[in-house]
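Tertiary structure, described
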Amino acid sequence: MTATITIEELLKFILFFLGIGVLGYLIILLKNANNLVSQARRLAERNEKEMDNVLKQLPEIATNINSISEETKALMEAVSPEVMGLISNANSITEKIDSTGEIVFDTIDVVSDSISGTASSLQKNIKNITDYITLIVEIIDIIRNGFKNR
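Residues numbered from 1 in each chain as written. Predicted model: local features only at pLDDT ≥ 70, side-chain atom pairs only at ≥ 80, totals over all residues. Heavy atoms only, no water.

Bringing the overall build of the protein chain into the picture now. Of regular secondary structure, the protein chain possesses two helices and zero strands. In terms of overall dimensions, the protein chain is more spread out than a globule: its C-alpha atoms have a radius of gyration of 51 Å, far above the 15 Å expected for 150 residues. Counting only C-alpha atoms, the protein chain reaches 155 × 75 × 30 Å along its principal axes. For the protein chain, buried positions account for 1% of its 150 residues. For the protein chain, the accessible area works out to roughly 14000 Å², and carbon and sulfur atoms hold 66% of it. Averaging the coordinates of the 14 positive side-chain charges in the protein chain and doing the same for the 20 negative ones gives two points 11 Å apart. (Helix = DSSP H or I, 4+ residues; strand = E, 2+ residues; numbered from the N terminus. Rg over C-alpha atoms; globule rule 2.2 N^0.38 Å. Buried < 20%, exposed > 50% of the residue type's maximum accessible area, 1.4 Å probe, protein only. Areas by Shrake-Rupley, 256 points an atom, 1.4 Å probe, with all protein chains shown as cover. Lys, Arg positive; Asp, Glu negative; His and termini not counted. Charge placed at Lys NZ, Arg CZ, Asp CG, Glu CD.)

This is the structure:
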């Protein structure tokens, strides 16, 4: 016995199995969705009193939020001029610190130049003093040698 299968029958067979696979996947998906919904329902049933309490307190919470935001707005309006004054004072202080820093740097430059000049002069004077001392020692040696030779 021989059976021939046409391409059309083969494609219908493949589509049939694909349909069965998709149907199985949809059944699993619906089962998972059903489990998720039942868990959400159980959670809502367990926390029903807390949710009712929160829902009853929502108007009071909203009122508190509105009053807090109004108080914050009023406080910001009251503090805003003082903040601007503080910013102005801080700006003035930084400008004074900048000018004072420049004066200090200029003073340090002058002092360092003076110290450098003094050190240079002292070095020259010490060199001159050592020359004089060397000359005096040579004169003393000459006089001593003159007395020794006699």
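A cluster of nonpolar side chains, namely I5, I7, L10, L11, I14, L15 and L18, defines an oily patch on the protein surface of about 750 Å² accessible area. By secondary structure assignment, the location of L10 is in helix 1 (residues 7–46). Assessed through its relative accessible area of 43%, L10 is described here as partly exposed. (Patch = residues over 30% accessible without salt bridge, like charges linked within 9 Å, V, L, I, M, F, W, Y side chains within 5 Å. Salt bridge = Lys/Arg side-chain N within 4 Å of Asp/Glu carboxyl O.)

Here the focus is helix 2 (residues 48–149). In this model helix 2 runs just 130 Å from its N-terminal to its C-terminal C-alpha over 102 residues, more than 12% under the 152 Å that 1.5 Å per residue would give. Along helix 2, the sharpest kink reaches roughly 40°, centred on L58 and followed within four residues by the proline P59. (Expected span 1.5 Å × (residues − 1). Bend = angle between axes of the 7 residues up to and from the residue.)

On to the pattern of salt bridges, then. By the definition in use, this model includes two salt bridges. Between R144 and D141 there is a salt bridge, with the nearest N and O atoms lying 2.9 Å from each other. Of the two residues, R144 and D141 are both situated in helix 2; the distance of three residues between them amounts to about one turn of the helix.

Attention now moves to the packing of helix 1 against helix 2. Orientation of helix 1 relative to helix 2, taken along the N-to-C sense of each, is 65°, at an axis distance of 4 Å. Put simply, helix 1 runs roughly perpendicular to helix 2. Taken together, the residues of helix 2 that come into contact with helix 1 (itself represented by A44, E45 and R46) are E48, E50 and M51. Its residues assigned to classes, the contact of helix 1 with helix 2 comprises two nonpolar, no polar and four charged. (Axes fitted to C-alpha atoms, helices over the stretch in contact; angles between N-to-C directions. Parallel < 35°, antiparallel > 145°, perpendicular 65-115°, else oblique. Contact = heavy atoms within 4.5 Å. Nonpolar A, V, L, I, M, F, W, Y, C, P; charged D, E, K, R; others polar.)

Quick look at the packing of aromatic side chains now. Under the defined criterion, the tally for this structure stands at two aromatic pairs. Between the aromatic rings of F13 and F17, the centroid separation amounts to 4.5 Å while the plane-to-plane angle is 85°, which identifies the pairing as edge-to-face. Taken together, the residues F13 and F17, both in helix 1 and four residues apart, mark about one turn of the helix. On the numbers, 5.9 Å between centres and 65° between planes, the contact of F16 with F17 is edge-to-face. Its relative accessible area of 44% is what places F17 among the partly exposed residues. (Phe/Tyr/Trp six-rings, centres within 6.5 Å; stacked < 30°, edge-to-face > 60°.)

The subject of this paragraph is the environment of S38. When you line up the elements, S38 lands in helix 1. A distance of 2.8 Å separates a polar atom in the side chain of S38 from the backbone oxygen of N35. (Polar contact = N/O pair within 3.5 Å; in protein donor to acceptor, adjacent residues only side chain to side chain.)

What follows deals with a negative patch on the surface. Judged by side-chain charge, E95, D98, E102, D106, D109 and D113 come together as a negatively charged surface patch. With respect to the secondary-structure elements, D98 resides in helix 2.

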